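Now for the letters of each chain:
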Amino acid sequence: ETACYLAGLVIIGVAFTAVTFPSYFGGIVGWLGLAMIVVFLGYAVFGAKGEERGQMVAALYFILAQIPFWALFEQAGSSLNLFTGELVNKEMFGVTVPAPVFQALNAGYIILFAPILAWLWVALAKRKINPSTPVKFALGVFMAGLGFYVLVAGINLSGTALVAVYFIFLIYLIHTRGELMLSPVGLSAITKLAPARVVGMAMGAWFLFSGLSNYVAGLIASTTGGETIGGQIVDPVAAKAVYSQVYGSVGLVAMGIALVMLLISPIIKKLM
């Protein structure tokens, strides 16, 4: 019990330092990530036995494949929230809704769609047509990119006016569907693929690279936005153009990565 409390205090100190000096945090996590890859591959070669080797490599694939998804998905708490606050017409039923409220859409969509997808996977499995875990992962990453492409379409349709609010509903809907394809499926895959003696290490690696994904999300967010005075966008049209360019680029890259993931999914399934 004492060890738990002490560990909590250490984690608080590390987290506080990371937030205070984010650039140093990125470099540290990057090196930790490389070290973890080496450890993972080393264990697969020298510590695993038989089919465990392929399963460890597959687990490492899923740990790395989550990066493009979370890097885009986690725009919700940064650039997408700022975009909603500055460049979206948030008036609904005569009330202007504060931008942060829209982040509740993710939780609402999860509550709505998680039971449906859980039922769907079971139903498809009974008919032996359930997509494999690598395919679901690829679809999740694709949806992360697709969500931003939908938002870019909304930006282009808006012209010089504010973007219609239903595009925010759409991007959160698409991203949440992608999250349900990737996050619970990935967590389940890691615990199944990693040998029981190293499950803790594998889950630690999952969250380490999840943290690295958030750092990448910050780098993407830092390229968005526009010039402000007193917290107000000076040129909304120019700001929308910047968002459109950045979101369109990262969306295209994510969908390209998803296509590659789909093509190699049979290989990953065989390793599993």
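Anything mentioned here points back to the structure above.
Bear in mind the structure is a predicted one, so any value in this text is a computation, not a measurement.

Conventions and cut-offs
Residues numbered from 1 in each chain as written. Predicted model: local features only at pLDDT ≥ 70, side-chain atom pairs only at ≥ 80, totals over all residues. Heavy atoms only, no water. Salt bridge = Lys/Arg side-chain N within 4 Å of Asp/Glu carboxyl O. Helix = DSSP H or I, 4+ residues; strand = E, 2+ residues; numbered from the N terminus. Buried < 20%, exposed > 50% of the residue type's maximum accessible area, 1.4 Å probe, protein only. Core = buried A, V, L, I, M, F, W, Y, C linked by side-chain atoms within 4.5 Å. Contact = heavy atoms within 4.5 Å. Axes fitted to C-alpha atoms, helices over the stretch in contact; angles between N-to-C directions. Parallel < 35°, antiparallel > 145°, perpendicular 65-115°, else oblique. Left-handed = near helix turned anticlockwise from the far one by under 90°. Nonpolar A, V, L, I, M, F, W, Y, C, P; charged D, E, K, R; others polar. Expected span 1.5 Å × (residues − 1). Phe/Tyr/Trp six-rings, centres within 6.5 Å; stacked < 30°, edge-to-face > 60°. Lys NZ or Arg CZ within 6 Å of the ring centre and 35° of its normal.

Draft legend 1. Just the pattern of salt bridges, in detail. One pass over the structure, following the stated rule, counts 1 salt bridge. Of the charged contacts in the structure, one is a salt bridge between Glu 52 and Arg 197, with a shortest N-O distance of 2.7 Å. Remark: Arg 197 occurs in the loop between helix H7 (166-193) and helix H8 (199-221) and Glu 52 occurs in helix H3 (residues 52-73); sequence separation between them is 145 residues. On the basis of relative accessible area, Glu 52 is assigned to the buried category, the value being 18%.

Draft legend 2. Layout of the nonpolar core. Phe 40, Phe 83 and Tyr 172 are the most contacted members of the largest nonpolar core, which has 76 residues in total. The set of elements that each furnish at least two residues to this core consists of helix H2 (22-47), H3, helix H4 (79-87), helix H5 (104-126), helix H6 (133-158), H7, H8 and helix H9 (236-271). When residues in this core are grouped by element, the largest group, 14 residues, is from H3. With sequence-adjacent residues up to four places away left out, Phe 83 is seen in contact with Val 88, Leu 151, Ile 155, Val 163, Ile 168 and Tyr 243.

Draft legend 3. The packing of H3 against H9, seen in detail. Closest axis-to-axis distance for the H3/H9 pair is 11 Å, and the angle between their directions is 165°. By the angle class used here, H3 and H9 are roughly antiparallel. As for the relative orientation of H3 and H9, their crossing is left-handed in sense. Taking contact as the criterion, the partners of Gly 54, Gln 55, Val 57, Ala 58, Tyr 61, Phe 62, Ala 65, Pro 68 and Leu 72 in H3 are, on H9, Val 250, Gly 251, Ala 254, Ile 257, Met 261, Ile 264, Ile 268 and Leu 271. Residue classes in the contact of H3 with H9 are distributed as 14 nonpolar, 3 polar and no charged.

Draft legend 4. How the structure looks around the packing of H2 against H8. It is at 10 Å that the axes of H2 and H8 come closest, and there the two elements cross at 145°. Note that H2 runs across H8; the crossing there is left-handed. Facing Pro 22, Ser 23, Phe 25, Gly 26, Val 29, Gly 30, Leu 32, Gly 33, Met 36, Ile 37, Val 39 and Phe 40 of H2, the residues of H8 in contact are Met 201, Ala 202, Ala 205, Leu 208, Phe 209, Leu 212 and Tyr 215.

Draft legend 5. Structural detail: H8. Compared with the 33 Å implied by 1.5 Å per residue over 23 residues, the 33 Å span of H8 between its first and last C-alpha is a close match. Of the positions making up H8, those classed as buried are Ala 202, Met 203, Ala 205, Trp 206, Leu 208, Phe 209, Ser 210, Leu 212, Ser 213, Ala 217, Ile 220 and Ala 221. Its buried side turned inward, H8 meets H2, H3, H4, H6, H7 and H9.

Draft legend 6. Fine view of the packing of aromatic side chains. According to the stated counting rule, one finds 13 aromatic pairs in the structure shown. On the basis of an interplanar angle of 55° and a centroid distance of 4.9 Å, the ring pair of Phe 62 and Phe 137 is categorised as tilted. Here the residue Phe 62 occupies a position in helix H3, and Phe 137 occupies one in helix H6, the gap between them amounting to 75 residues. The exposure class assigned to Phe 62 is buried, which follows from its relative accessible area of 0%. Since its relative accessible area comes to 0%, Phe 137 is described here as buried. Here a set of aromatic residues connected by ring pairs shows up, and it is made of Tyr 61, Phe 62, Phe 137 and Trp 206. Here the basic side chain of Lys 136 rests over the ring of Trp 121, its NZ or CZ set 3.9 Å away from the ring centre. Against the face of Phe 113 rests Arg 177, its NZ or CZ located 5.0 Å from the ring centre.

Draft legend 7. Seen up close, unusual backbone geometry. The backbone phi angle of Phe 93 is positive, close to 55°, even though this residue is not glycine. Among the secondary structure elements, Phe 93 is positioned in the loop between strand S2 (91-92) and strand S3 (95-96). The exposure class assigned to Phe 93 is exposed, which follows from its relative accessible area of 83%. Even without glycine at this site, Lys 128 takes up a positive phi of about 60°. Relative to the elements of secondary structure, Lys 128 occurs in the loop between H5 and H6.

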